Amino acid sequence: MVGLLQVCNLSCAKDRDHNLFSNLNFVVDEEDVVVLQGKSGVGKTSLLKCVAHLNMYGGEVLYRGRTPKSYGVPTYRTKVSYVPQRPSLLSGTPRDFLKTVTSFRSRAPKVVRKSDGDVTYPIEVANAWGIDEELWDRNWSNLSGGESQRIALAIAIGLNTAEVLLLDEPTSALDPYSTTLVEGFISDELRSAESELKAIIWITHSEEQARRVGTRFLHVTPTGCEEEPSLSEP
Ligand SMILES: Nc1ncnc2c1ncn2[C@@H]1O[C@H](COP(=O)(O)OP(=O)(O)OP(=O)(O)O)[C@@H](O)[C@H]1O
């Protein structure tokens, strides 16, 4: 079976002589929310970056049976999109970032714009999570961790081009109420016929969150990954 995303014999180098991990094989299908688990430092973030074609890797990543290069990497990244844990490392404001991202030719032209050129849906998504529009004009470095995390996620979801989202601890800076809002919104998007979103790979250190959002559980080790049938109750 081809699946939406196929990870074949993936390895990632730690340094010239050592691999961080190797021999990773798994398939992501439509409607999957694959929770990635594993010890701190095992390489979960690195794995997501490999899948997003942001890190060097050995082996193969196939999206709908084809390599990232066959789509063109910028186009691939609009379909398989990585959302970092700490977007505050970006320069400028979220609105600058949104304008830059939506100006790329690889972005689908269907993104809705206001007459002044602004893209609206990401701002609406963030608003639903308690983000005032004025925050879009503040530098990333002057936003709280939770604000920048929600805005980065709202951009990824609101652009509505990604079929696979790679979420790196997307709610680690959020309070429980905001976490519930975000989790609910994402699961509605996965079910919505209007949304492009088909599957998610989600890193979380929270067992409770893993149970709430996950449909599959993948345990990453330096020598491969194992699928766990389900998480046992605490
Ligand atoms: N750009 C980099 N240069 C050198 N080493 C790096 C780089 N990024 C990550 N590493 C190292 O690679 C290893 C794996 O890091 P990674 O962030 O992928 O792990 P993780 O499983 O996501 O960790 P955590 O659960 O703590 O977030 C760590 O030892 C880290 O220090």
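Figured I'd write up the structure that's included with this text. Computed from a prediction, not measured in an experiment: that's the story for all the values here.

Moving on, we get to the overall build of the chain. Along the backbone of the chain there are eight helices and nine strands. The C-alpha atoms of the chain give 17 Å as radius of gyration, which agrees with the globular expectation for 234 residues (17 Å, within 12%). Judged by the C-alpha coordinates and their principal axes, the chain covers about 50 × 45 × 35 Å. Across the chain, contacts joining residues at least 24 apart in sequence account for 68% of those joining residues at least 6 apart. Roughly 11,500 Å² of accessible area belongs to the chain as shown, and the carbon and sulfur atoms make up 49% of that amount. Across the chain, 25 positive and 31 negative side-chain charges occur, with their mean positions spaced 7 Å apart.

Right, let's talk about the state of the cysteines for a bit. Under the counting rule described, the total for this entry stands at zero disulfides. Here Cys8 stays unpaired: no disulfide links it, and the sulfur of Cys225, its closest cysteine neighbor, is 11 Å away. Considering cysteine sulfurs only, Cys12 is the nearest to Cys50, which forms no disulfide, with 3.9 Å between them.

Below, the discussion takes up the site of the ligand. Close contacts around the ligand come from Leu20, Lys39, Ser40, Gly41, Val42, Gly43, Lys44, Thr45, Ser46, Glu169 and His205, and that covers them all. One of the backbone nitrogen or oxygen atoms of Val42 is found 3.3 Å away from an oxygen atom of the ligand. Interatomic distance of 2.8 Å between a side-chain N/O atom of Lys44 and an oxygen atom of the ligand. Considered on its own, the ligand offers 640 Å² of accessible surface; in the complex 50% of this is hidden by protein. Here the element with the most residues in the shell around the ligand is helix H1 (residues 44–51); it accounts for three residues. The class makeup of the residues in the shell around the ligand is two nonpolar, six polar and three charged.

Position of Arg216 among the secondary structure elements: in strand S8 (residues 216–221). Of note is the side chain of Arg216, whose polar atom sits 2.6 Å from the side chain of Asp32. Among residues more than four places away in sequence, those in contact with Arg216 are Val27, Val28, Asp29, Asp32, Val33, Val34, Val35 and Glu227.

It is worth spelling out the pattern of salt bridges at this point. Once their charged atoms are close, side chains differing in charge can pair, the charge on each being opposite to the other. The tally for this structure, following the rule as stated, stands at 10 salt bridges. Here Glu163 and Arg64 are joined by a salt bridge, their closest N and O atoms 2.9 Å apart. Residue Glu163 is found in the loop between helix H6 (145–158) and strand S6 (164–168), and its partner Arg64 is found in the loop between strand S4 (58–63) and helix H2 (68–71); the two are separated by 99 residues along the sequence. Its salt-bridge partner being Arg211, residue Glu207 comes within 3.6 Å of it at the nearest N-O pair. Taken together, the residues span about one helical turn, with Glu207 and Arg211 both in helix H8 (residues 207–213) at a distance of four residues. Among the ionic contacts, a cluster of salt bridges with common partners joins Glu30, Arg64, Glu163 and Lys198.

Thresholds, definitions, all that
- Residues numbered from 1 in each chain as written.
- Predicted model: local features only at pLDDT ≥ 70, side-chain atom pairs only at ≥ 80, totals over all residues.
- Heavy atoms only, no water.
- Helix = DSSP H or I, 4+ residues; strand = E, 2+ residues; numbered from the N terminus.
- Rg over C-alpha atoms; globule rule 2.2 N^0.38 Å.
- Contact = heavy atoms within 4.5 Å.
- Areas by Shrake-Rupley, 256 points an atom, 1.4 Å probe, with all protein chains shown as cover.
- Lys, Arg positive; Asp, Glu negative; His and termini not counted.
- Charge placed at Lys NZ, Arg CZ, Asp CG, Glu CD.
- Disulfide = S-S within 2.5 Å.
- Near = heavy atom within 4 Å.
- Polar contact = N/O pair within 3.5 Å; in protein donor to acceptor, adjacent residues only side chain to side chain.
- Nonpolar A, V, L, I, M, F, W, Y, C, P; charged D, E, K, R; others polar.
- Salt bridge = Lys/Arg side-chain N within 4 Å of Asp/Glu carboxyl O.

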